Amino acid sequence: MSTQAQTAQVNDPVYPVPAEFAKTAHIDAAKYQEMYAQSINDSEGFWAEQGKRLDWIKPYTQVKDVNFNFGEVNIKWFFDGTLNVAHNCIDRHLATRGDQTAIIFEPDSPETPAQHITYNQLHDKVSRMANVLRSQGVTKGDRVIIYLPMIPEAAYAMLACARIGAIHSIVFAGFSPDALANRINDCGAKVVITSDEAPRGGRMTPLKSNTDAALLHCSDKVRCLVVKHTGGQTTWIDGRDIDVKALMEHASPDCPVEEMNAEDPLFILYTSGSTGKPKGVVHCSGGYLVYASMTQELVFDYHEGDVYWCTADVGWVTGHSYIVYGPLANGATTLMFEGVPTYPDAGRFWAVCEKHKVNQFYTAPTAIRSLMGKGTEFVEKYDLSSIKVLGTVGEPINPEAWNWYNDVVGKGKAPIVDTWWQTETGGHLLTPLPGATALKPGSATTPFFGVKPVVLEPTTAEVLEGATEGVLCIADSWPGQMRTVWGDHERFQETYFQQYKGYYFSGDGCRRDEDGYYWITGRVDDVINVSGHRMGTAEVESALVAHAKVAEAAVVGYPHSLKGQGIYAYVTLMNGVEPSDELRAELEKWVRTEIGPIAKPDLIQWAPNLPKTRSGKIMRRILRKIAENDFGALGDTSTLAEPGCVDELIENRMNRG
Ligand code: 6R9
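Residues numbered from 1 in each chain as written. Predicted model: local features only at pLDDT ≥ 70, side-chain atom pairs only at ≥ 80, totals over all residues. Heavy atoms only, no water.

### With respect to the packing of helix H11 (residues 285-299) against helix H12 (residues 317-329)
At a minimum axis separation of 8 Å, H11 and H12 run at an interaxial angle of 90 degrees. Considering their axes alone, H11 and H12 lie roughly perpendicular with respect to each other. Residues Tyr288, Leu289, Ala292, Ser293, Thr295 and Gln296 of H11 touch H12, and the partners they reach there are His320, Ser321, Tyr322, Tyr325, Gly326, Pro327 and Ala329. Here the contact of H11 with H12 is built from residues that sort into 7 nonpolar, 6 polar and no charged. (Axes fitted to C-alpha atoms, helices over the stretch in contact; angles between N-to-C directions. Helix = DSSP H or I, 4+ residues; strand = E, 2+ residues; numbered from the N terminus. Parallel < 35°, antiparallel > 145°, perpendicular 65-115°, else oblique. Contact = heavy atoms within 4.5 Å. Nonpolar A, V, L, I, M, F, W, Y, C, P; charged D, E, K, R; others polar.)

Written out as structure tokens, the structure is:
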């Protein structure tokens, strides 16, 4: 990365805000300028006002207490106020919109009827589930693991925890029993909520038997609440396993909310870092909800009566902020989809948009790229005239996919909001506002209110001005920021505040052009982004070396036409073990079961020797280049212990595209 200005391509096309759109938008260009300036010049005053979008039990008088200095990192917002998140997402809407649909549930199979769950019904279900949790001894501050498919019960479970002050931690239903057990143990959960099975694309994932396998490695005090969703047969351990729907039927629909401090944790979400063990990212009640609700309303220009659909899974942060908490805090109608974009065919997303007259549609570039490959006829069959705003998240969107999304899906009329943010940030940090921001395909454009991005020179940490390229840091806090790593505040500080003193370090590289637009260039650490799912290379490596025939493994990302990045693994086998295609398949399967299907290596190269420095550090820079099929300029190899191994790796490289 150079500090020389690598400015925007002169011919970057710019898409102005459609004039008609700006007229009715919450925020137009002038309002953005005015509010952004205020949010930076008078941060406390700005957020004191914005915090009022929530109902507080005891209103805050203190807005912000922030210290980004390594060793003293402390982040607090609205910290003498008390509230309840479930009250804000449900109860406060009942008087005005009790009979309005809160959640539209679209099941995996298009043959199964959709469900429309009103705010009144949501209140009933969540209160009953909260009482079931209370009856199992769950109280304020206890941890509850949620391992569920994309069904309404996942939202009920999240909100039931919030109602009684329990801290939920969702484990993506695609994760393996091992990954589940590690998370149960790391946060010391009292209860796991799962279902018999998870149907996706017509296939079943056996969630309950995965949970049974995980619980073998956990305290025998952990209770297992089972949502009988498909009715599939499961083993049952009396005393430990509980039929949650049956208990909900008999539970009281009245459950008073717990009064929570703004800084009491709402949830923990595990995410990959550059070292092996996933980090438990902690988000708290007050600031997180202010930020999720404000961004959901303004970034998607959500208006009363709109139907909003975010296709993410609740197992990722996007599902937390933009399927459940943000939209429901705003009294919106939010769609939850159990299935996949290509089942029963590649038109499913658009069929669902037509069926439910979706107004805002939010998905990932990887989904767009895979649907783009299937042809426009799958889109053109459907009436998409309800769509007003399109969104993307998870990775940079290539201009080709942007254009397809814009032309074929949005018919050139729906602004695309390319939202850059992270599990750690709780909500959007860099994003267009559809009524305010001219768009450049591939750029996440400009900062949201209160966000102060800075670009630093990666090695000297010098602040770079104007059009430039470097690492992306944030100079001040915003209410949605994570507060700590569960049980490890040291690790929180080391990961985000040590390398660039006084700043939050995002881990991403970026370019800023002459118009002040930001272009994310990807992770600068050892994190890869596969189909929008973030994964530490170290996690995949430790899974591989756990196999009896593997001596060593190094994993890097490489450009993949559908997934954004693919997983490329270099594997050194134990002495005497012969490489074979069978072994390759066995290792793929092994990683699937150790971590989950999304971590399966796309390419495995046998590497009798890995390029290492004399101190034994694998030189990933070189491995990345070979995986990218770009080995012309490998850079300095003089510190390698055995430079000869590089030629051999190049000769046997797996990506020749
Ligand atoms: C919300 C989410 C975070 C990482 C982030 C960056 C990449 C997310 C992006 C994007 C370019 C965008 N990322 N959105 N890159 N443009 N619009 O994805 O959270 O799973 O924690 O991943 O994803 O590299 O650092 P998370």
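### Comments concerning the pattern of salt bridges
Counted by the stated rule, this structure contains 32 salt bridges. The closest approach of N and O atoms between Glu20 and Lys23, which form a salt bridge, is 2.7 Å. Taken together, the residues Glu20 and Lys23, both in helix H1 (residues 19-24) and 3 residues apart, mark about one turn of the helix. For Lys23, a relative accessible area of 63% gives the class exposed. For Glu304, the salt bridge goes to Arg97, with nearest N and O atoms at 2.7 Å. With Glu304 in the loop between H11 and strand S16 (307-310) and Arg97 in helix H5 (residues 94-97), this residue pair connects regions lying 207 residues apart in the sequence. What makes Glu304 exposed here is its relative accessible area of 60%. On the accessibility criterion, Arg97 (14% relative accessible area) is buried. (Salt bridge = Lys/Arg side-chain N within 4 Å of Asp/Glu carboxyl O. Buried < 20%, exposed > 50% of the residue type's maximum accessible area, 1.4 Å probe, protein only.)

### Focus: helix H18 (residues 537-545)
Within H18, 7 of the 9 residues are buried, leaving the element largely enclosed by the surrounding structure. Buried within H18 are the following residues: Thr537, Ala538, Glu539, Val540, Glu541, Ala543 and Leu544. In this structure, the buried residues of H18 make contact with strand S27 (527-530), strand S28 (533-536), strand S29 (550-560), strand S30 (564-573), helix H19 (581-594) and helix H20 (620-627).

### Some details on the site of the ligand
Neighbouring the ligand are 17 residues; Asp418, Thr419, Thr423, Asp508 and Arg523 lie closest to it. Contacts to the ligand include Thr423, whose side-chain N or O atom sits 2.5 Å from an oxygen atom. Expressed as a share of its isolated accessible area of 540 Å², the protein-covered part of the ligand is 96%. For the shell around the ligand, a count of residues per class yields 6 nonpolar, 6 polar and 5 charged. (Near = heavy atom within 4 Å. Polar contact = N/O pair within 3.5 Å; in protein donor to acceptor, adjacent residues only side chain to side chain. Areas by Shrake-Rupley, 256 points an atom, 1.4 Å probe, with all protein chains shown as cover.)

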